[in-house]
Amino acid sequence: MTSTTTHRPADQARSPVRHPGLNLGPSHQESEDVREEMVFGFWVFMMSDVIIFGLLFATYVVMLGGTAGGPGPSDLFEMKSAFIETMILLVSSFTFGMASLALKYRTDRKVLVIWLVVTLLLGLGFLFFELKDFHTMFGKGGVPSRSGFISAFFSLVPLHGLHVTGACIWLIAILGQIAVYGVDSFVKTALLRLAILWHFLDIIWIGIFSLVYLGGLS
Amino acid sequence: MSQRELSQEEAKEFVSERRSYAWGYLLSLLLTLVPFGFAAFGDLSRMALWLTIAGCALVQIVVHLRFFLHITWSGNKREDLQLILFTVLILLIMGGGTLWILFSLYYRMMPGMMP
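Residues numbered from 1 in each chain as written. Chains lettered and ligands numbered in written order. Predicted model: local features only at pLDDT ≥ 70, side-chain atom pairs only at ≥ 80, totals over all residues.

(A) The overall build of chain B, seen in detail. Each helix and strand in chain B was counted, giving three helices and zero strands. Its helices and strands taken in sequence order, chain B reads α-α-α from the N to the C terminus. The C-alpha radius of gyration of chain B comes to 21 Å, more than 25% above the 13 Å expected for a compact globule of 115 residues. Oriented by its inertia axes, the alpha-carbon framework of chain B measures out at about 70 × 40 × 25 Å. Buried residues in chain B amount to 18% of all 115 residues. (Helix = DSSP H or I, 4+ residues; strand = E, 2+ residues; numbered from the N terminus. Rg over C-alpha atoms; globule rule 2.2 N^0.38 Å. Buried ≥ 20, exposed ≤ 12 C-beta atoms within 10 Å, placed from the backbone.)

Shown next as structure tokens:
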């Protein structure tokens, strides 16, 4: 190997990579060394979150028949708004990916901030459409206390929305940190973890739109 | 952020990683549009539609893990792949067990709860 080896990414046997996902690589050594455990710990947290969502999915399926004579899936859900929400979340996953690349390759800080702001706006747009959905459902008598089916719906889907809300707040906090402290290693590791959360929320949403909305409407 | 020139390799890597995100996005878009399209305009039987939706969802989850979360089969990330696979195993046991037990119960005692 020639001297160019030093520029290779970290996962080529130089330093062991302890967490999957986007690793920043050797040019960010100071953040890489100290905080890899934090990112790995976040993966463990994410996995336990996946269990919670998985069991709420199972609860939802079990309660599908429990409409108690109230409105069912085809009365309450709308394909169009589910589609809009799906598209918004998918695009936001892509824009967060672009932000991660801007972080990794240290392009202009402005580029990083722009991608993050676009992601934040998409996240807020998703929440807007989701809340509008819930409002419509309430209008049709789909309140959580109406039936076991609607209770199960409102423990599954809004929990995802709550996660998105948390992720948006976290993103706003990180943008504030960037404004005050610049892109230091705190910000870098926070962004790595937020990226994992954000992409995971999109994966959970795949389950929601497939099982709850498409499954319920077909 | 200290801005600096990218070396040639890094520039190449940057382009290839960006392309990987774009591929992930395009594949996910396709795997979203297909089930929505069939559900909205398609003329499939209920079973075929459900299988299409489930199949697209599973493939899309793998696409997200591969292109957005960078989970691969490559050597030193194995441990974390094992973490994910173990979680999936736990989920299958607990989720599958829930469905099995409760639907068996519905079948025997509460046929009205079968969806």
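(B) Fine view of the interface of chain A and chain B. Listed by partner, the interface residues are 51 residues for chain A and 52 residues for chain B. Among the elements of the structure, helix H1 (29-62), helix H3 (79-104) and helix H6 (185-217) of chain A are those that each provide at least two residues to the side of chain A that touches chain B. Ranked by residues supplied to the side of chain A that touches chain B, first place goes to H1 of chain A with 11 residues. Broken down by class, the residue content of the side of chain A that touches chain B amounts to 29 nonpolar, 16 polar and six charged. (Contact = placed C-beta atoms within 7 Å. Nonpolar A, V, L, I, M, F, W, Y, C, P; charged D, E, K, R; others polar.)

(C) Up close: helix H4 (residues 109-139) of chain A. All names here are of chain A. Along its 31 residues, H4 runs 45 Å from first to last C-alpha, staying within 8% of the 45 Å computed at 1.5 Å per residue. Inspection of H4 places Leu112, Trp115, Leu116, Thr119, Leu120, Leu122, Gly123, Phe126, Glu130, Asp133 and Met137 among the buried residues, and these make up the whole buried set. Close packing links the buried residues of H4 with helix H2 (73-76), H3 and helix H5 (148-181). After H4 finishes, the residue Gly141 shows a positive phi value of roughly 85°. (Expected span 1.5 Å × (residues − 1).)

(D) Layout of the domain arrangement of chain B. On domain assignment, one finds that chain B holds domain 1 (1-70) and domain 2 (73-115). The C-alpha centroid of domain 2 of chain B is placed 24 Å from the C-alpha centroid of domain 1 of chain B. (Domains from an automatic or database assignment.)

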